[in-house]
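Below, each chain spelled out in residue letters.
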Amino acid sequence: RYIGSTLDAAALIVSPTTFDIETQQDTGNVGYVTIKEDARIEFTPGELSYENLRDLTLSRLDQVTGISFGGVIFPQLFSVLIVAPRRAGGFISAMLYQAIFGEARNWAFARQNHQAPKVAARAQSLTTRNQGDRLGYYFPNTPFGTPPTYAFVTPAQIPTGQGT
């Protein structure tokens, strides 16, 4: 589902955690092993519609005209694709194959302020894909003739790597 434009710059953040391998024969590390990877896309939605409120809130229940929250143990997974134009032409694109919107929300209740909380899509590993390609991708130069959109990637294509 297309959620619209963003207010601020979006950010792709990839944070690997490593374990240092040490030996008694050397004072330095002799190797590293990746023990955890966290990938997220952070953005501020520019269009605060009911559908965006519903889909960007973790642990919620759709109440048709609003949402209630709390008590949902397994959050809904989404695929997140973000696209931005490059100054030199083409587009930058980043995608998380499976993600939850699982960060705290700070909803402003003021007439003068826009109610646009920053959201973070946190990746969940898609273990049916090859190692090294289980969380998502980042392409700094996507040479599409027109801006790519969510319509180029269907949920059925994501596990197989199509549409990327």
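All values reported here derive from a predicted model rather than from experimental measurement. (Residues numbered from 1 in each chain as written. Predicted model: local features only at pLDDT ≥ 70, side-chain atom pairs only at ≥ 80, totals over all residues. Heavy atoms only, no water.)

Moving on, we get to the overall build of the protein chain. Each helix and strand counted, the protein chain has 1 helix and 8 strands in total. Listing each helix as α and each strand as β along the protein chain from the N terminus yields β-β-α-β-β-β-β-β-β. Buried residues in the protein chain amount to 27% of all 164 residues. The contacts of the protein chain with a sequence gap of at least 6 include a subset with a gap of at least 24, amounting to 58%. When the accessible area of the protein chain is evaluated, it comes to approximately 10,900 Å², of which 53% is carbon and sulfur surface. (Helix = DSSP H or I, 4+ residues; strand = E, 2+ residues; numbered from the N terminus. Buried < 20%, exposed > 50% of the residue type's maximum accessible area, 1.4 Å probe, protein only. Contact = heavy atoms within 4.5 Å. Areas by Shrake-Rupley, 256 points an atom, 1.4 Å probe, with all protein chains shown as cover.)

Attention now moves to the nonpolar core. Ile41, Phe43, Val80, Leu96, Phe101 and Ala121 are the most contacted members of the largest nonpolar core, which has 15 residues in total. Counting residues per element, the ones that place at least two in this core are strand E2 (31-43), strand E5 (78-85), strand E6 (91-101) and strand E7 (119-123). Broken down by element, this core gets its largest block of residues, 4 residues, from E6. Not counting residues within four places of it along the chain, the set of residues in contact with isoleucine 41 comprises Ala11, Leu12, Val80, Ile82, Ala94, Met95, Leu96, Val119, Ala120 and Ala121. (Core = buried A, V, L, I, M, F, W, Y, C linked by side-chain atoms within 4.5 Å.)

This next bit is on the packing of aromatic side chains. Within this structure, the stated rule accounts for 4 aromatic pairs. Summarising the aromatic geometry, the rings of phenylalanine 43 and phenylalanine 101 are spaced 6.3 Å apart at their centres and angled 85° between planes, so their arrangement reads as edge-to-face. You can see phenylalanine 43 sitting in strand E2 and its partner phenylalanine 101 sitting in strand E6, a full 58 residues away along the chain. For the pair tyrosine 137 and phenylalanine 139, a centre-to-centre distance of 4.6 Å together with 35° between the ring planes defines the contact as tilted. (Phe/Tyr/Trp six-rings, centres within 6.5 Å; stacked < 30°, edge-to-face > 60°.)

The next subject is the confidence of the model for the protein chain. Averaged over the protein chain, the pLDDT score is 80; the fraction of residues at 70 or greater is 84%. Predicted confidence is poor over residues 157-164, with pLDDT under 50, and the contacts of this stretch with residues over four places away or in other chains come to 20 contacts. (pLDDT = per-residue confidence, 0-100.)

A cluster of nonpolar side chains, contributed by Phe19, Ile21, Val30, Val33 and Ile35, occupies part of the molecular surface with about 430 Å² of accessible area. For the nonpolar patch, the secondary-structure elements that each account for two or more residues are strand E1 (11-21) and E2. Residue position: valine 30 is located in the loop between E1 and E2. You can call valine 30 partly exposed: its relative accessible area is 45%. (Patch = residues over 30% accessible without salt bridge, like charges linked within 9 Å, V, L, I, M, F, W, Y side chains within 5 Å. Salt bridge = Lys/Arg side-chain N within 4 Å of Asp/Glu carboxyl O.)

Time to look at the pairing of E6. For E6, the tally of buried residues reaches 10 of 11 residues, placing the bulk of the element in the interior. Inspection of the sheet shows E5 paired to E6 by 7 bridges, in the antiparallel sense. Looking at E6, one finds that phenylalanine 78 is bridged to alanine 99. Where E6 lies against strand E8 (residues 136-142), 5 bridges are found, and the strand directions are antiparallel. Note that in E8 the partner of methionine 95 across the bridge is tyrosine 137. Across 3 bridges, the pairing between E6 and E7 is antiparallel. In the sheet register, isoleucine 100 faces E7, and the bridge partner there is arginine 122. (Pairing = 2+ DSSP bridges.)

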